[in-house]
Amino acid sequence: MDETPLPEVTAQFARTLAPASDAVIEEMDAKADREGFPTVGPAVGGWLRLVARMVDADRVFEFGSGFGYSAYWMAPAVPDSGQIVLTEIDADELEDAREFLDRGGFSDRAAFEHGDAIEIVEGYDGPFDVVLIDNEKHRYTEAFEAVREKVPVGGAVVADNMIEAGPLEFEAVRALLDGDDIDANETSRGIAAYLECVGDDPEFETGLLPLGEGVAVSVRME
């Protein structure tokens, strides 16, 4: 996509309201800018922290953690006795995540898992109060189905990249959700399938947060 459907003024205002960053977050932002690494950014990061606080999160699971950006934002909302499970297929990125969270004083509540997140979550018992889905877009539905029974009533599943994600075609996603049989790429089909899956799930209520690259929030109601 050449243009974002999200107004820049919304993003700017959200960043203004987000919690203050610290030296580690600023270094992580600089790393992302320097390397062109996609993160949720400070506006969504601050909002993820708020979600964790709202649900009184004790345990968090991430499908795809990169170098720990989103986990770092949520960590202050998780108690010392709680747990954030980071998963990452890239061993170097996972080691960077370990170093960043350690420097922030959050490594005591973090578990660092190297490998396929969908395979890793099978080895964990629930509950997980907040789940972040940010792995391969065509596997979002698979990730949700792997974790849904481990999300308690009142828990939240958050999925990034609903509107933008590299080859994602926003108009194609909308057409697919409208039931049109169109030729769309794997990423677009994956996002459309995910939105259809959570939207049709009677035990979850889903809405879209128009920040960053678009975030879907699904809260377990029963």
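Within an unreviewed UniProt entry, the label attached to the protein reads Methyltransferase, and the organism entered is Haloarcula taiwanensis.

Here helix α5 (residues 91-103) is 13 residues long and its end C-alpha atoms lie 19 Å apart, about the 18 Å a rise of 1.5 Å per residue gives. Those residues of α5 that sit buried are Glu-93, Leu-94, Ala-97, Phe-100 and Leu-101. Buried residues of α5 fall within an arc of 120 degrees about the axis and therefore sit on the same side. Among the structural elements, α2 (23-35), α4 (69-74), β2 (83-88) and β3 (110-114) are those in contact with the buried residues of α5. With its phi angle positive at about 85 degrees, Gly-105 sits one or two positions after the end of α5.

This next bit is on the packing of α2 against α5. For the pair α2 and α5, interaxial distance at closest approach is 10 Å and the crossing angle is 155 degrees. Here α2 is positioned roughly antiparallel relative to α5, judged by the angle of their axes. Between α2 and α5, the contacting residues are Val-24, Glu-27, Met-28 and Lys-31 on the first element and Glu-93, Asp-96, Phe-100 and Arg-103 on the second. Its residues placed into classes, the contact of α2 with α5 shows 3 nonpolar, no polar and 5 charged.

This next bit is on the pairing of strand β6 (residues 204-209). Bridge count between β6 and strand β7 (residues 215-220): 6 bridges; the pairing is antiparallel. What sits directly across from Gly-207, in β7, is Val-217. Between β6 and β7, which pair antiparallel in sequence order, lie 5 residues; one of them, Gly-212, sits at a positive phi of approximately 55 degrees.

Procedures and definitions
- Here the residue index of a chain counts from 1 through its sequence in written order.
- In keeping with the predicted nature of the model, local features appear solely for residues at pLDDT of at least 70, side-chain atom pairs appear and are counted solely at 80 or more, and the whole-chain, interface and lining totals rest on all residues.
- Side-chain metrics rest on all non-hydrogen atoms present in the structure, leaving aside hydrogens and water.
- The numbering of helices and of strands both runs from the N terminus, where a helix is a DSSP run of H or I of at least 4 residues and a strand a run of E of at least 2.
- For a helix, the expected span equals 1.5 Å multiplied by the number of residues minus one.
- Each residue's exposure class comes from its accessible area (1.4 Å probe, protein chains only) as a fraction of the maximum for that residue type: buried when under 20%, exposed when over 50%, partly exposed otherwise.
- Taking the helix axis as origin, the arc is that swept by the directions to the C-beta atoms.
- Contacts are residue-level and defined by heavy atoms, with any inter-residue pair within 4.5 Å sufficient.
- For every element, the axis is a line fit to its C-alpha atoms; helices are fit only across the contacting stretch, and the angle between N-to-C directions ranges from 0 to 180 degrees.
- Throughout, the term roughly parallel applies to angles under 35 degrees, roughly antiparallel to angles over 145, roughly perpendicular to angles from 65 to 115, and oblique to all others.
- Note on residue classes: Ala, Val, Leu, Ile, Met, Phe, Trp, Tyr, Cys and Pro are nonpolar, Asp, Glu, Lys and Arg are charged, and everything else, Gly too, is polar.
- At least two DSSP bridges between two strands are required for those strands to pair.

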